[in-house]
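Residue-level listing of the chains:
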Amino acid sequence: RFVLRGELGGVADTNCGRCLQDFELAFKIPVQLVVLCDTGHESEDTETPVIHQRDGVVDPKDTLREAAILAMPPAQACRRDRRGLRGATRRQADR
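Conventions used here
Residues numbered from 1 in each chain as written. Predicted model: local features only at pLDDT ≥ 70, side-chain atom pairs only at ≥ 80, totals over all residues. Heavy atoms only, no water. Disulfide = S-S within 2.5 Å. Buried < 20%, exposed > 50% of the residue type's maximum accessible area, 1.4 Å probe, protein only. Helix = DSSP H or I, 4+ residues; strand = E, 2+ residues; numbered from the N terminus. Polar contact = N/O pair within 3.5 Å; in protein donor to acceptor, adjacent residues only side chain to side chain. Contact = heavy atoms within 4.5 Å.

Under the criterion given, the structure shown has 0 disulfides. Of all cysteine sulfurs in the structure, the one in C78 sits closest to C16, which takes part in no disulfide; the separation is 3.7 Å. On the accessibility criterion, C78 (26% relative accessible area) is partly exposed.

Next up, the structure:
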């Protein structure tokens, strides 16, 4: 058993919750995973994600993807000062 700690960073394509424009959202989140080596039993329920090593292989891809998704804010905005659709004309909202 070992603990993997680090930082996951990347860029996600998303939509602004205020103006509906597409934009890239950069993120950087701390991650901590527990890796269990070739065990036949499941571990106790913890808040730290557990990955099981099988035949010498550890694949954290799904666990890291889930951590990135859960770290995203529920409503992203391309700019903090973005007024949103209420303050825009229909033509501006359609762009």
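Moving on, we come to the side chain of Q76. Here Q76 shows up in the loop between helix 1 (61-71) and helix 2 (90-94). Judged by relative accessible area, which is 15%, Q76 ranks as buried. Only 3.3 Å separates the side chain of Q76 from the side chain of T14, close enough to count as a polar contact. Non-local contacts of Q76, meaning those with residues more than four positions away in its chain, are made with T14, N15, C16, G17, R18, F23 and L25.

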